[in-house]
Amino acid sequence: MKTHPCALGAPLPHVVLAAALGLPAVAEAQPAPVPGTPYAVERVSEPYQGCPGSITFISQGDGAGVKGEFDVNLPFAFQHYDDLYTTVTVVGAGVLAFPSGQTVSFNNAALGTAAAPNALIAVWWEDIELLSGNNGFLGTSLTGTAPNREFCIEWHNFNDEQVNDAFINFKVVLHEGPSGRADVVYGSTSGSVGAYTATMGMEDAAGARPIDFRNPACSPNCQHTDLVAMANTRVTVTRDAGVELVAVGVDPPQFGFLGAAMNLPVQLGNLHGATVGPFQIEVRAADNPQMSGAVVVGHRTLSLSPFQITEVAVEVVPPESLGEQRVYFELLVDSAGEVAEVREDNNRVVSVGATRLLPGGPDLAVERVRVTRGEVAAGDAVDAFVRIRNLGSVAVVGGQVSVVLSTNPAITGRDLRVGDFAVQLAPGEARTTTVSVVVPTGLNSGSYYVGAVADPDQALGELDEANNGRAADDLLVVRGGALAVTTTQLPAALVGAAYNGRLSAHGGAPPLVWSVSAGQLPAGIGLTNEGVLYGRPAAPEVQTFTARVEDSAGARAEVELTLRVVDPEEPLTIVTRSVPAAVVGQEYAFGLQLTGGPAADPGLTWSLEGGPEGLTVTPQGVLTGVLTEVARHELTVSAAATGQLARRDLTLDVVANPQLLIVPAPLSSARFEVPYQARLEATGGLPPYTWLLRDGVLPAGMSLDIAGALAGTPTEAGRFRFVVEVRDSGPGLPAVDRATLVLDVLGDGSFTIVTETLPVGRVGQGYDAAVAAAGGLPPLSWSVVEGRIPDGMVVREDAQSAELRIVGQADAPVVANLLVE
């Protein structure tokens, strides 16, 4: 056993715990600075709306009037004046006080005094309360995604204590990020009010540097007329640090390729209330976090809007001179010194994790596919424009690209190939090629995706196989081929009104002749040979019939249709009461049914509320989409016509694909520099299967092919976690399943710690990270021989995984360097 600070000579494994530096939205206009404060203020007239998203109620009226102070944990650290806060006291009297645990009287006071309470945002600090009859509440909501979240606190239908019919509405929106932006938004008031006066403004933790929300200022004697004047007004306060740029972070990928370009996400910001730029940013790489011996690998020029904190991608190319190793990336903002800033010591940031550089190779990527026509007949030619780029570091000579037709947007080499061309591209080179392809004469009528697949037979050893296929944005409609009926639904008919509907079909040899082969039409409705439904129905009824179309060559196609005749006085009603389950990864389509006179209105519209992401309703009332997660969803569909509205609440279950599953079997251990082979297995679906590596990284020297063979000779030891995906060959969208696998590569008899870095932690959030070893004879015994575990965190040994785990929750930023044994 040996004490081991790192593997392969890397720096000490360390835990970094820091308050998150978020990315706020860009200010809508340049605010006016407030002298003596770090803030600029903007007042904008806009219609008032309550907090968006799902409301979490803090308090609701109980019939006797509710007042109170409520301690609330903030979902992110918020900058108020000079301090960061993670908690707040929300006061029913229209006040926020930082941090939580404060006492705020219902009797308002003047701002700018040292007397407690301090660190306030006083929206309308007055003796107001809730009554159950007013349907009011005090609540919060969280919207957006980190680092651009917004935390909203809403006072809804509060009333003055003296007068119960005075309805008051306002909210505060706290924005994540270093700008400390807060939106104080006032709604309308109604009813009469009492004689109390109020305070409207904010101050710092010392009770100093006050800012008034009303202009002209009225605190602490703001009257009801002042509140009315603020109706539908947003007051935005934003910290302005002067001309100041800041480097926020770098997100390194797990691996990169020597000599090959890759997009590196970096975050940076402008803390000033005016546009800054243009200026240059630079990215450097080195084998150590101190950036000793760093080399420049990428740069970019840009400008930032007022208070804009953003993420951009910088194209970086690790040179061959760096060799196969792990490297850290450093972002330098204003690297050419073009901007005179208040501070220059915050323009650099180094990635917490490192990127493993691997030998370069070719990498063909399809960047764009476009077709010149939207509709063709089977046997016709169509031009496709395909743009291909070599993202790798090795030239591609004699590479192949295929143009394909597919029934789904997941373009692969298994789709119908209709054209091919060869490519020869230097590293980084791109080229657009025009290919004239012929649509096969026997192709069925319908809509198809035109796509391109680079290296369809996987003859090249590419760096990335996931970017080889892409579809054109627009579908290609193919006419001809097999005769097919395209009508799937008919509009309802009205009793006593003339009806005119048309059946349609694609393909076949004209002329086409229509007839009813089974069932019958409603009384008073007929069908012409040209497929026109006509007549004037006499009574309400519902008839299901089979429409047949026959071409001049004797080919036939049929479809079963339902024609509903409704009373024009019958109200609009959605008769669908349940919908079938959807399957993850498969196209979903289900038609909703209507009854009632307005159902025949050509201006009828459908809408959808709620439901899973990706689900929509078409103008014809068809629920459709491709859903990705197993869940039960509540949704509401609505149909509107001729002044009537019909609604129906439905439940949609999204279930797992029962036809395709990865066989859950652990992988046997591999050994350092010893050939290894294992085959992944799946059941169900429609073979053959296609396997892909979706996340994580395999040991150096190993690969996963599309047939599910995991093979190679590992040249590094350790524990490797990765996600694999399998797809079947079924029609339409393929069935998909994913699984996380673990492969242990045992050392060559040596005993070593293989974990080199630990992930970043966040203040106030749970943390759980593992340190792993390879080789040796279990059981393993772990200890921390140097360094101090952050407060709020502990270390423990995981007997099952033989790892050392660091878990807990830190309450303050800290950098901890640990030496583990």
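This structure is a prediction, so every number in the text was calculated from the model and none was measured.

K.L.:
Account for the overall build of the chain, naming residues and giving values.
P.N.:
Each helix and strand in the chain was counted, giving one helix and 70 strands. Evaluated residue by residue, the chain yields a buried proportion of 48% over its 821 residues. A sequence separation of at least 24 residues applies to 67% of the contacts in the chain between residues at least 6 apart. Put simply, the chain shows about 36400 Å² of open surface, and 50% of that area lies on carbon and sulfur atoms. Charged side chains in the chain number 46 positive and 88 negative. The centres of these two groups are separated by 5 Å.

K.L.:
So what's going on with the pairing of strand E28 (residues 381-390)? Which residues, and what values?
P.N.:
Side-chain alternation along E28 places Val 382, Ala 384, Val 386, Ile 388 and Asn 390 on a buried face and Ala 381, Asp 383, Phe 385, Arg 387 and Arg 389 on a face that remains uncovered. As paired strands, strand E26 (residues 364-371) and E28 are joined by seven bridges and run antiparallel to one another. Its bridge partner lying in E28, Ala 365 is registered against Arg 389. With nine bridges joining them, E28 and strand E31 (residues 430-438) adopt antiparallel strand pairing. In the sheet register, Ala 381 faces E31, and the bridge partner there is Val 438.

K.L.:
Help me get a handle on the sheet that holds strand E59 (residues 709-712), residues and values and all.
P.N.:
Strand order in this open sheet of three strands is E55-E59-E58, and the pairing throughout is antiparallel. At either margin of the open sheet sits one strand with a lone partner, and together these are strand E55 (676-679) and strand E58 (702-704). Averaged over all pairs of adjacent strands, the angle between strand axes in this sheet comes to 10°, irrespective of strand direction. Two strands pair when backbone bridges link them, and E55 and E59 are joined in this way by four bridges, in the antiparallel orientation. Paired with Gln 677 across the bridge in E59 is Ala 711.

K.L.:
Report on the sheet that holds strand E48 (residues 605-610), specifying residues and quantitative values.
P.N.:
The sheet built from four strands is open, its strands ordered E45-E52-E51-E48 with mixed pairing. Single-partner strands in this sheet number two, and they are strand E45 (582-583) and E48. Summarising the sheet, strand E51 (residues 631-641) and strand E52 (residues 644-655) pair through eleven bridges and their orientation is antiparallel. Opposite Ala 639, over in E52, you have Ala 646 as the bridge partner.

Cut-offs applied
- Residues numbered from 1 in each chain as written.
- Predicted model: local features only at pLDDT ≥ 70, side-chain atom pairs only at ≥ 80, totals over all residues.
- Heavy atoms only, no water.
- Helix = DSSP H or I, 4+ residues; strand = E, 2+ residues; numbered from the N terminus.
- Buried < 20%, exposed > 50% of the residue type's maximum accessible area, 1.4 Å probe, protein only.
- Contact = heavy atoms within 4.5 Å.
- Areas by Shrake-Rupley, 256 points an atom, 1.4 Å probe, with all protein chains shown as cover.
- Lys, Arg positive; Asp, Glu negative; His and termini not counted.
- Charge placed at Lys NZ, Arg CZ, Asp CG, Glu CD.
- Pairing = 2+ DSSP bridges.
- Axes fitted to C-alpha atoms, helices over the stretch in contact; angles between N-to-C directions.

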